[in-house]
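For reference, the chains in residue letters:
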Amino acid sequence: MTTISAEEARNQLADILNKAAYGHERTVVTRRGKRIAAIVSIEDLELLEAVLDELEDRADAEYCREALKNLDLSKCVPWEKK
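Right, let's walk through the structure included here. (Residues numbered from 1 in each chain as written. Predicted model: local features only at pLDDT ≥ 70, side-chain atom pairs only at ≥ 80, totals over all residues. Heavy atoms only, no water.)

Residues Ile4, Ala6, Ala9, Ile16, Ala20, Val29 and Ile39 constitute the largest nonpolar core, which totals seven residues. At the level of secondary structure, the elements contributing two or more residues to this core comprise α1 (6-11) and α2 (13-23). When near neighbours in sequence (up to four residues on either side) are disregarded, Ile39 contacts Leu13, Ile16, Leu17, Ala20, Glu25, Arg26, Thr27 and Val29. (Core = buried A, V, L, I, M, F, W, Y, C linked by side-chain atoms within 4.5 Å. Buried < 20%, exposed > 50% of the residue type's maximum accessible area, 1.4 Å probe, protein only. Helix = DSSP H or I, 4+ residues; strand = E, 2+ residues; numbered from the N terminus. Contact = heavy atoms within 4.5 Å.)

Quick look at the structure:
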């Protein structure tokens, strides 16, 4: 992974984008030595989003399992009685 300053990124943007798009090279952009952004290929971004979606789905499923454990079935109304 390459790290460059924001000024260098401005001057080399076309090259950085090509490296990300075709070479799958990741570039971290810094400002005053602090990491502020990253340039990655669209495939890397889509993979990251898929992983995050999966993690959110798992967290939602765990929340539902816990909620069902604490459900008081005596307060539930069967469909037949509605």
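With that settled, the discussion passes to the sheet that holds strand β1 (residues 2-5). Read across the sheet, three strands follow the order β1-β2-β3 without closing on themselves; strand pairing throughout is mixed. A strand with exactly one partner marks an edge of an open sheet, and here the two such strands are β1 and β3 (34-39). When strand polarity is set aside, the average angle formed by the axes of neighbouring strands in this sheet is 30 degrees. Relative to β3, strand β2 (residues 27-31) is paired through five bridges, and the arrangement is antiparallel. Along β3, the bridge assignment pairs Arg31 with Lys34. (Pairing = 2+ DSSP bridges. Axes fitted to C-alpha atoms, helices over the stretch in contact; angles between N-to-C directions.)

Within the secondary structure, Cys64 is located in helix α3 (residues 42-69). Put simply, Cys64 and Leu48 are 16 residues apart on the chain and 24 Å apart in space, counted from C-alpha to C-alpha.

The subject of this paragraph is the pattern of salt bridges. The tally for this structure, following the rule as stated, stands at five salt bridges. The shortest N-O distance in the salt bridge between Asp44 and Arg26 comes to 2.9 Å. Taken together, the residues span a long stretch of sequence, with Asp44 in helix α3 and Arg26 in the loop between α2 and β2 at a distance of 18 residues. The class of Arg26 is partly exposed, set by a relative accessible area of 43%. When the shortest N-O distance is used, the salt bridge between Lys69 and Glu66 registers 3.2 Å. Within this pair, Lys69 and its partner Glu66 are both found in helix α3, separated by three residues, close to a single helical turn. Its relative accessible area of 63% is what places Lys69 among the exposed residues. Taking relative accessible area as the criterion, Glu66 reaches 34% and is therefore assigned partly exposed. (Salt bridge = Lys/Arg side-chain N within 4 Å of Asp/Glu carboxyl O.)

As far as function goes, none of this settles anything; it's purely spatial.
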